[in-house]
Amino acid sequence: MKIQISTVCFITVLVLPVLSSYGDQTHEYRDCVTMKMRTCEYGNLDTTLKIFGWDCLSDSQYTCALDMTEKRIALGKPVLQYNGRWAFKRYAGLQEPASVFFSFCNGFAVFLGISNLVAKVPVTYNLFHTWLGYGIVCLVTWFVSFLFHAKDTMTTEILDYLGASTMVMLSLYCMLLRISGRDQFGKIKNKLNYKYGVPIFLLWTYHAYNLGFYKKIDYGYNMRFNVFIGVTHHLLLTGWGLWNWNYRPHIKKAVWVIVFSSLALLLELFDFPPYFLIMDAHATWHAATVPITVLWWSFIVDDCVFEFNRFKRKVV
């Protein structure tokens, strides 16, 4: 689940844009990279580095950024970003080990949610396969998040952006089906699958084209796109949740997900350098989303069971 990502996108747009990283513009850093490149041989790189896509250039940039950062910390100077990111201590070839670990934890939380869905919700429930498909997309998205934080490349960055956008859009699609167009037996009218699905798919295709066919990824555009989808989903879920607050006890979980996601967002807004060169604001935010993901999937399963039993009693 990445419902919290849409909240991040919404609030971050309200914050002043961050200037491009200054560290990689310093002569000291550039001279260091040049020197490292002259002595680097790809064949001498560790196997783990090669597996995750490191080459002489990226390894030289990493080594110099880490050296510069450690020197500035020792001298009590402010820590700088290099090539748009903080310098982290690399472990087993992983560029951002903490974010990698918590991406895995979020994916595992989704896996547990899917397992709970399969165990408790009958296959005959009309939204069973919809939520199951949503869960599979969530798993894939956290996997590409794992890859992106393991090694930042153009490909992994595009996949990470697309994964987040896909989950936000699919969350909107699932909620639209959930709250509208049921017949007396609780079944979704087939025409709504096309009514909601086709426009959302076309919008996703347009977004994927814009992200994947340009040499430079437009972070601002990606943010604005997610804002539009995320705010729509949040308003829809909040309004529906408050309307049903007294009728469906489990609805409180969905509302609390939005509340906790907003609080966790503070970790993204007030960015700080990584403690011990491992745990920065973004990694801490990933850690905070793990229990939120568990709560979100608990709501999904409870809602499916509640609705199935409610319409089953009507039929009987």
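Predicted, not measured: the structure shown is a model, and the values here were computed from it.

About the cut-offs
Residues numbered from 1 in each chain as written. Predicted model: local features only at pLDDT ≥ 70, side-chain atom pairs only at ≥ 80, totals over all residues. Heavy atoms only, no water. Helix = DSSP H or I, 4+ residues; strand = E, 2+ residues; numbered from the N terminus. Buried < 20%, exposed > 50% of the residue type's maximum accessible area, 1.4 Å probe, protein only. Contact = heavy atoms within 4.5 Å. Areas by Shrake-Rupley, 256 points an atom, 1.4 Å probe, with all protein chains shown as cover. Phe/Tyr/Trp six-rings, centres within 6.5 Å; stacked < 30°, edge-to-face > 60°. Lys NZ or Arg CZ within 6 Å of the ring centre and 35° of its normal. Disulfide = S-S within 2.5 Å. Axes fitted to C-alpha atoms, helices over the stretch in contact; angles between N-to-C directions. Parallel < 35°, antiparallel > 145°, perpendicular 65-115°, else oblique. Left-handed = near helix turned anticlockwise from the far one by under 90°. Nonpolar A, V, L, I, M, F, W, Y, C, P; charged D, E, K, R; others polar. Core = buried A, V, L, I, M, F, W, Y, C linked by side-chain atoms within 4.5 Å. Polar contact = N/O pair within 3.5 Å; in protein donor to acceptor, adjacent residues only side chain to side chain.

**Observations regarding the overall build of the protein**
- Secondary structure assignment for the protein yields 12 helices and 0 strands.
- When the elements of the protein are put in sequence order from the N terminus, they spell out α-α-α-α-α-α-α-α-α-α-α-α.
- Counting over 316 residues, the protein shows a buried share of 47%.
- Relative to all contacts within the protein whose residues are 6 or more apart in sequence, the contacts with residues 24 or more apart total 73%.
- When the accessible surface of the protein is split by element, carbon and sulfur atoms take 67% of a total near 16,500 Å².

**Digging into the packing of aromatic side chains**
- Inspection of every chain in the model, using the stated rule, returns 13 aromatic pairs.
- Geometrically, the ring pair formed by Trp131 and Tyr134 is edge-to-face, given 5.4 Å between the ring centres and 80 degrees between the ring planes. Highlighted residues: Trp131 and Tyr134, both in helix α6 (residues 128-150), separated by 3 residues, approximately one helical turn.
- Residue classification places Trp131 among the buried residues on the basis of a relative accessible area of 3%.
- A centroid spacing of 5.6 Å and a plane angle of 20 degrees characterise the contact between Trp256 and Phe260, whose relative ring orientation is stacked. In this pair, Trp256 and Phe260 both sit in helix α10 (residues 251-264), 4 residues apart, roughly one turn of the helix.
- Of the residues examined, Trp256 reaches a relative accessible area of 41% and is grouped as partly exposed.
- A network of ring pairs unites the aromatic residues Trp131, Tyr134, Trp240, Trp296, Trp297 and Phe299 as a single cluster.
- Its guanidinium or amino end placed over the ring of Trp54, Arg90 lies 4.5 Å from that ring's centre, counting from NZ or CZ.

**Some remarks on the state of the cysteines**
- For the structure on display, the rule yields 2 disulfides.
- Between the sulfur of Cys32 and that of Cys64 lies a disulfide, 2.1 Å long from S to S. Its torsion about the S-S bond being -85 degrees, the disulfide of Cys32 and Cys64 is classed as left-handed. Here Cys32 is found in helix α2 (residues 27-39), whereas its partner Cys64 is found in helix α4 (residues 56-74), with 32 residues between them in sequence.
- Classification of Cys64 as buried rests on a relative accessible area of 0%.
- Here Cys40 is linked by a disulfide to Cys56, with a sulfur-sulfur distance of 2.3 Å. Because the torsion about its S-S bond is -80 degrees, the bridge between Cys40 and Cys56 counts as left-handed.

**Concerning the packing of α6 against helix α7 (residues 154-179)**
- Relative orientation of the contacting elements α6 and α7 amounts to 160 degrees, with a least axis distance of 9 Å. Comparing their axes, α7 and α6 come out roughly antiparallel. Crossing of α6 against α7: the hand is left-handed.
- Considering only residue class, the contact of α6 with α7 consists of 16 nonpolar, 8 polar and 2 charged.

**Examining the nonpolar core**
- One finds Leu117, Trp131, Tyr134, Trp296, Trp297 and Ile300 to be the most contacted residues of the largest nonpolar core, which totals 40 residues.
- For this core, the secondary-structure elements that each account for two or more residues are α5 (97-120), α6, α7, α8 (190-212), α9 (219-243), α10 and α12 (281-315).
- Here this core takes 9 residues from α7, the largest share from any one element.
- In this structure, Tyr29, Cys64, Met68 and Ala87 belong to the second largest nonpolar core, which totals 9 residues.

**A few points about the side chain of His250**
- Topologically, His250 is positioned in the loop between α9 and α10.
- Among the polar contacts listed, one links the side chain of His250 to the side chain of Asp303, at a separation of 2.8 Å.
- Non-local contacts of His250, meaning those with residues more than four positions away in its chain, are made with Phe299, Asp302, Asp303 and Phe306.

**Side note on the side chain of Asp303**
- The residue Asp303 is located in helix α12 in this model.
- Residue classification places Asp303 among the buried residues on the basis of a relative accessible area of 2%.
- Not counting chain neighbours up to four residues away, the residues in contact with Asp303 comprise Arg178, Trp240, Arg248 and His250.

**Quick look at unusual backbone geometry**
- The phi dihedral of Phe276 is positive, around 55 degrees, even though this residue is not glycine.
- Position of Phe276 among the secondary structure elements: in the loop between α11 (266-269) and α12.

**Focus on the packing of α5 against α6**
- The contact between α5 and α6 brings their axes to 8 Å, and the two run at 165 degrees. The pairing of α5 with α6 is recorded here as roughly antiparallel in orientation. Note on packing geometry: the crossing formed by α5 with α6 is left-handed. On α6, the residues touching Ser99, Val100, Ser103, Phe104, Asn106, Gly107, Val110, Phe111, Ile114, Leu117 and Val118 of α5 are Phe128, Trp131, Leu132, Gly135, Ile136, Cys138, Leu139, Trp142, Ser145, Phe146, His149 and Ala150.

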